[in-house]
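The chain contents come next:
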Amino acid sequence: MDTAPPNTAAAAAPGRDRAPAGRGASLHRFANPGRFLRLTGRIQPWLVGSALLVLAIGLPWALVFSPPDWQQGETVRILYIHVPMAWLAMGGYAGLAIGSAIALVWRHPLADLACRELSPVGAMVTALCLATGSLWGKPMWGTWWVWDARLTSVLVLFFLWLGHAALVRAFDDPERGARMGAILALIGAVNLPIVKYSVDWWNTLHQPASLTRLNAPALHVDILYPLLVCALGFTLAFAAVVLARTRAAVMERRIRALQMAAARRADTRE
Amino acid sequence: MTVHWAHVTASYALVLGGFLALGLGTALRHAAAKRKLLVLDPRTRRGKSVP
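Residues numbered from 1 in each chain as written. Chains lettered and ligands numbered in written order. Predicted model: local features only at pLDDT ≥ 70, side-chain atom pairs only at ≥ 80, totals over all residues.

Asker: Sorry, what's going on with the overall build of chain B here?
Answerer: Scanning chain B from N- to C-terminus turns up 2 helices and 0 strands. Looking at the 51 residues of chain B, the share that counts as buried comes to 16%. (Helix = DSSP H or I, 4+ residues; strand = E, 2+ residues; numbered from the N terminus. Buried ≥ 20, exposed ≤ 12 C-beta atoms within 10 Å, placed from the backbone.)

Take a look at the structure:
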């Protein structure tokens, strides 16, 4: 395994564009903050634009033009936002676990930063998933909450997101915080199959998955298509927010490095 | 407004409000970092803009 570039690469040497040779070199090409900011600066407006465009199509489709369900009535419209939040909560956590593995194994400084910026957004979408699920559950099940396996495992997922966000910020040494957060994220990944298969393994009030195979879904196309468009729109919005937060974090790290360098120069002059 | 529609409205308001708050907070943080970097970074003062 290659030695990782010094962690200050993300802070103090924005102009250095050389990546380490050998294995992991392609991964470390993007550890250079200057290159990362240049590349993502080009991607970011497209990501934001496409998220807004897809949501501008998907949300009116879901809220106005899709038909009410014969059993659920108008409440079915909540599912067009609840299901994408659930997918993002789980998919985002899988991304956090992968990013954490990259940060632990290859000591990739941008993976650390991305994970740090991902967890508050992940906590937010998981909270939205729980809240919208609750708002759907009250008229459909007659209760805001039940301690069934699906709901409880998603609540555990929410605490894992919150725990990660708090843990990486709890240390004076950011590298140590990132390492502890990465370990928590990897251990917490055990919860993902529990969330996914909880409706099959246990007898739950929550219904089983309606969309296991796209070629044979249990949903009518009038519901399936707006759901997929909303899911795509929210995924793009989620990615845009995480990318923008990571860009801001890279710049803030560079600011701290420049301020430290200025303080050192002032010390040596005195 | 029926109870069903009230729940639908509350759900959409929560999700859109949540994403709007996240986006706005991120944009403000991004703009502040960019502004500070323009002041501190000698390369940007020489005419290279922050990407």
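So, next bit.
Asker: How do you make sense of the packing of helix α4 (residues 109-141) of chain A against helix α8 (residues 221-269) of chain A when you look at a structure like this?
Answerer: For any two helices packed against each other, one specifies the crossing angle of their axes together with the interaxial distance. Residue and element names in this part refer to chain A. Packing of α4 against α8 brings their axes to within 9 Å, and their N-to-C directions diverge by 140 degrees. Accordingly, the angle class assigned to the pair α4 and α8 is oblique. Two packed elements cross with a definite hand, and for α4 against α8 that hand is right-handed. In contact with Leu113, Ala114, Arg116, Glu117, Leu118, Val121 and Val125 of α4, α8 contributes Phe238, Val241, Val242, Arg245, Thr246, Ala249 and Val250. A per-class count over the contact of α4 with α8 returns 10 nonpolar, 1 polar and 3 charged. (Axes fitted to C-alpha atoms, helices over the stretch in contact; angles between N-to-C directions. Parallel < 35°, antiparallel > 145°, perpendicular 65-115°, else oblique. Left-handed = near helix turned anticlockwise from the far one by under 90°. Contact = placed C-beta atoms within 7 Å. Nonpolar A, V, L, I, M, F, W, Y, C, P; charged D, E, K, R; others polar.)

Asker: I tried to follow unusual backbone geometry on my own but got confused; where do I start?
Answerer: Most peptide bonds take the trans configuration, and most residues that are not glycine carry a negative phi. All names here are of chain A. For Arg107, which is not glycine, the phi torsion reads 50 degrees and is therefore positive. Along the chain, Arg107 turns up in the loop between α3 (79-106) and α4. Note on Arg107: 22 C-beta atoms within 10 Å, which makes it buried.

Asker: What should I look at first to understand the nonpolar core in this one?
Answerer: Within soluble globular proteins, side chains that are nonpolar generally end up buried alongside one another. Residue and element names in this part refer to chain A. Membership of the largest hydrophobic core comes to 69 residues, with the highest contact counts inside it found for Met85, Ala89, Val125, Ala237 and Phe238. At 17 residues, α8 tops the list of elements feeding residues into this core. In this view, Phe238 contacts Leu88, Gly92, Val121 and Val125; residues no more than four positions away in its chain are not counted. (Core = buried A, V, L, I, M, F, W, Y, C linked by C-beta atoms within 7 Å.)

Asker: I'm lost on the interface of chain A and chain B in this one. Help?
Answerer: Reports of interface size often rely on the accessible area that becomes lost once the parts have come together. Taken together, the contact between chain A and chain B spans 31 residues of the former and 24 residues of the latter. At the level of elements, α2 (33-65), α3, α4 and α8 of chain A are the ones that each hand at least two residues to the side of chain A that touches chain B. A per-element tally of the side of chain A that touches chain B places α8 of chain A first, with 12 residues. Here the side of chain A that touches chain B is composed, by residue class, of 18 nonpolar, 5 polar and 8 charged.

Asker: How should the packing of α3 of chain A against α4 of chain A be read in this particular structure?
Answerer: Residue and element names in this part refer to chain A. It is the contact of α3 with α4, at a shortest axis distance of 8 Å, that shows an interaxial angle of 155 degrees. The angle between the axes of α3 and α4 places the two elements in the roughly antiparallel class. The chirality of how α3 crosses α4 is left-handed. Split by residue class, the contact of α3 with α4 holds 18 nonpolar, 10 polar and 1 charged.

Asker: Explanation requested: the environment of Trp141 of chain A in the structure shown.
Answerer: The residue Trp141 of chain A is located in helix α4 in this model. Along the backbone, Trp141 of chain A and Met90 of chain A are 51 residues apart, and their C-alpha atoms lie at a distance of 24 Å.

Asker: Is there a simple way to explain the confidence of the model for chain B in this structure?
Answerer: The predicted coordinates should not be examined in detail at positions where pLDDT is low. Mean pLDDT for chain B: 85, with 80% of residues reaching 70 or above. Among the scores for the predicted complex, ipTM is 0.86 and pTM is 0.86. (pLDDT = per-residue confidence, 0-100.)

Asker: What should I look at first to understand α4 of chain A in this one?
Answerer: All names here are of chain A. Between its first and last C-alpha atoms α4 spans 46 Å; for 33 residues at 1.5 Å apiece the expected length is 48 Å, and the two agree. For α4, the principal kink sits at Leu118 and spans about 30 degrees; a proline, Pro120, occurs within the next four residues. Phi turns positive one or two residues past the end of α4, at Gly142, with a value near 85 degrees. (Expected span 1.5 Å × (residues − 1). Bend = angle between axes of the 7 residues up to and from the residue.)

Asker: Before we go on, may I ask you to explain the confidence of the model for chain A in this structure?
Answerer: Residues and elements named next belong to chain A. Of all residues in chain A, 87% attain a pLDDT of 70 or more, and the chain-wide mean is 86. Averaged pLDDT values for the elements of chain A fall to 62 in helix α1 (residues 25-28) and rise to 96 in helix α5 (residues 149-168). In the model, residues 1-21 has pLDDT below 50 throughout and makes 46 contacts with residues more than four positions away in sequence or in other chains.

Asker: I'm lost on the environment of Val8 of chain B in this one. Help?
Answerer: Topologically, Val8 of chain B is positioned in helix α1 (residues 3-40). Dropping the residues within four chain positions of it, Val8 of chain B is found in contact with Glu74, Thr75, Arg77 and Ile78 of chain A.

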